[in-house]
Amino acid sequence: NAGVTQTPKFQVLKTGQSMTLQCAQDMNHNSMYWYRQDPGMGLRLIYYSASEGTTDKGEVPNGYNVSRLNKREFSLRLESAAPSQTSVYFCASNTDPKRDGYTFGSGTRLTVV
Amino acid sequence: EDQVTQSPEALRLQEGESSSLNCSYTVSGLRGLFWYRQDPGKGPEFLFTLYSAGEEKEKERLKATLTKKESFLHITAPKPEDSATYLCAVPSRAGAGSYQLTFGKGTKLSVIP
């Protein structure tokens, strides 16, 4: 049972480069989320998708775009990476956002130099 | 705006020395409170959900309790393998009919043999 799978696990980018972080879940969850985690800041929501075909901004969406490709997959794109986007990125999913906890992926550690 | 505050930021315990972690919250209508454990380099792992004041849940050496303003995670006779960062979170309204988890910054627990 894979749960939530994120790729890649590590990435180093140069300022201005672009990349896409991939996330897939095999639990038939409706909702998917992208968070970033920074020291002293905790987990902050970037974007979320309440259901297939919908996406919405979270607390810190600037510099990011997302695509809910299908029910299983939710990708996060950095069009022009900046050093401020150096962080650990987590994808998560659940069925009922009002009552169910999230299942998290293992994270992508991104460094922008 | 919903807020979650955890204290202390860090806690060092001797093996066997019981203690409690605190999570205080300000929300417009509590829909649940979630506790997670996060090990270094990994995604948060779900521990408990509490839905109403007075509710308690236990798992091995951990017991979570909930009041109308805060939650406690009690750790009884901790072992070194309990060392981790413990996060609490509450569901917050994110948009029309959508919710997302608002996280505290966590308590880093170190249990010394």
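In this report, the structure presented in the accompanying data block is examined. All figures in this text were calculated on a predicted structure; none of them were measured in a lab.

### Focus: the overall build of chain B
Here is step 1: Secondary structure summary: chain B contains 0 helices and 11 strands in total.
Here is step 2: Traced from its N-terminal end to its C-terminal end, chain B shows the element sequence β-β-β-β-β-β-β-β-β-β-β.
Here is step 3: Over its C-alpha trace chain B gives a radius of gyration of 14 Å, about what one expects of a compact globule, namely 13 Å for 113 residues.
Here is step 4: Taken over the C-alpha atoms alone, chain B extends approximately 50 × 30 × 20 Å along its principal axes.
Here is step 5: Buried positions account for 44% of the 113 residues belonging to chain B.
Here is step 6: Across chain B, 14 positive and 14 negative side-chain charges occur, with their mean positions spaced 3 Å apart.

### Overview of the interface of chain A and chain B
Here is step 1: At the interface, 20 residues of chain A touch 21 residues of chain B.
Here is step 2: Summed over both partners, the interface of chain A with chain B buries about 1,600 Å², with 57% contributed by carbon and sulfur atoms.
Here is step 3: Applying the counting criterion to the chain A and chain B interface returns 0 salt bridges.
Here is step 4: Counting the contacts that link chain A with chain B gives 5 residue pairs in polar contact (both at pLDDT 80 or more).
Here is step 5: Top element by residues in the side of chain A that touches chain B is strand β5 (residues 42–49) of chain A. It accounts for 4 residues.

### A few points about the packing of aromatic side chains
Residue and element names in this part refer to chain A.
Here is step 1: On inspection of all chains with the given rule, the structure shows 14 aromatic pairs over all chains.
Here is step 2: Judged by centre distance (6.5 Å) and plane angle (25°), the rings of Y33 and Y48 are stacked. Of the two residues, Y33 sits in strand β4 (residues 31–38) while Y48 sits in strand β5, which places them 15 residues apart along the sequence. Of the two residues, Y33 and Y48, both sit in the buried class.
Here is step 3: Judged by centre distance (6.3 Å) and plane angle (90°), the ring pair of F90 and F104 falls under edge-to-face. Highlighted residues: F90 in strand β9 (residues 87–94) and F104 in strand β10 (residues 103–104), separated in sequence by 14 residues. Here F90 and F104 have matching classes, each one buried.

### Looking at the state of the cysteines
Here is step 1: The full count for this structure, using the stated rule, is 2 disulfides over all chains.
Here is step 2: The side chain of C23(A) participates in a disulfide bridge whose partner is C91(A); the two sulfur atoms lie 1.9 Å from each other. In this structure the cystine formed by C23(A) and C91(A) twists about its S-S bond by roughly -70°; its chirality is therefore left-handed. Residue C23(A) is found in strand β3 (residues 19–25), and its partner C91(A) is found in strand β9; the two are separated by 68 residues along the sequence.
Here is step 3: We classify C23(A) as buried; its relative accessible area is 3%.
Here is step 4: Judged by relative accessible area, which is 0%, C91(A) ranks as buried.
Here is step 5: Residue pairing for C23(B): its cysteine sulfur links by disulfide to C88(B), the two sulfurs lying 1.9 Å apart.

Calculation rules
Residues numbered from 1 in each chain as written. Chains lettered and ligands numbered in written order. Predicted model: local features only at pLDDT ≥ 70, side-chain atom pairs only at ≥ 80, totals over all residues. Heavy atoms only, no water. Helix = DSSP H or I, 4+ residues; strand = E, 2+ residues; numbered from the N terminus. Rg over C-alpha atoms; globule rule 2.2 N^0.38 Å. Buried < 20%, exposed > 50% of the residue type's maximum accessible area, 1.4 Å probe, protein only. Lys, Arg positive; Asp, Glu negative; His and termini not counted. Charge placed at Lys NZ, Arg CZ, Asp CG, Glu CD. Contact = heavy atoms within 4.5 Å. Buried area = accessible area lost by both parts, 1.4 Å probe. Salt bridge = Lys/Arg side-chain N within 4 Å of Asp/Glu carboxyl O. Polar contact = N/O pair within 3.5 Å; in protein donor to acceptor, adjacent residues only side chain to side chain. Phe/Tyr/Trp six-rings, centres within 6.5 Å; stacked < 30°, edge-to-face > 60°. Disulfide = S-S within 2.5 Å.

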